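# Structural characterization, general
Here is what each chain is made of, one letter per residue.
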Amino acid sequence: MDKDNISSTPNTQRPSPKGFYWEAFKTFFKIGAFTLGGGYAMISIIQNEVVVKKKWIPEDQFVDLIAVAQSCPGVFAANISVFVGYKMRKTPGAICTCLGAILPSFLIILCIALFFHQFMDIPWVAAIFRGIRPAVVALIAAPTFTLAKSAKLSLANCWIPIVTAIAIWLLGVNPVYVIIAAGLGGFLYGKFIKPTE
């Protein structure tokens, strides 16, 4: 098997090595250019592109990549693009997807920094951003239900995200401690409880 090919998971496609890098760059450039609201709003778009349309990565592996990307320091959008690219074509793939994801933001922010003072007080610009905010909330909320289904959340374990959200939102618990506790709890469950079930 060609070492450049991706994992032979049944529900993944194998793009040719020559065409993959340009296709991956275009895909993540499009994602980076049209995603508003930060990295979490990207989840549904990335999932639609790399899991549903192109079938580069199986859905269960995509959920794992999101978990790892969220646990790593740095910008989530860059993290998830690096992990997807690395999964597909190792380091060259990671560089390609990461550049595609961050380049639109860099260019847009550069333009805003150069000309922001000229339109920051224009009423219709402020109105546009007020209209975008609810859509951003929906973009972040929508993949939550899809990921919950992919992660096989049930009535038995749905208390975990609920308690986590309450701990962070109402009690002010640092998310770092939540991540560490969740990782430790998952390890202990897999090590001692699951084998006895």
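Conventions we followed
- Residues numbered from 1 in each chain as written.
- Predicted model: local features only at pLDDT ≥ 70, side-chain atom pairs only at ≥ 80, totals over all residues.
- Heavy atoms only, no water.
- Core = buried A, V, L, I, M, F, W, Y, C linked by side-chain atoms within 4.5 Å.
- Buried < 20%, exposed > 50% of the residue type's maximum accessible area, 1.4 Å probe, protein only.
- Helix = DSSP H or I, 4+ residues; strand = E, 2+ residues; numbered from the N terminus.
- Contact = heavy atoms within 4.5 Å.
- Expected span 1.5 Å × (residues − 1).

Looking now at the nonpolar core. Membership of the largest hydrophobic core comes to 25 residues, with the highest contact counts inside it found for I46, V50, F62 and I80. Those elements that place two or more of their residues in this core are α1 (17-34), α2 (42-53), α3 (59-71) and α4 (76-119). At seven residues, the largest contribution of residues to this core is made by α4. Non-local contacts of I80, meaning those with residues more than four positions away in its chain, are made with I46, L65, I66 and A69.

Before going further, it helps to spend a moment on α2. For α2, with 12 residues, the first-to-last C-alpha span of 15 Å sits near the 16 Å given by 1.5 Å per residue. What α2 keeps buried is the set M42, I43, I46, Q47, E49, V50 and V51. K55, located one to two residues past α2, shows a positive phi value of around 55 degrees.

This next bit is on unusual backbone geometry. Not every positive phi belongs to a glycine, and K55 is a case in point at roughly 55 degrees. At K90, a residue that is not glycine, the phi angle is positive and equals roughly 55 degrees. By the secondary structure assignment, K90 is in helix α4. With relative accessibility at 53%, the residue K90 sits in the exposed group.

These figures capture arrangement, not role.
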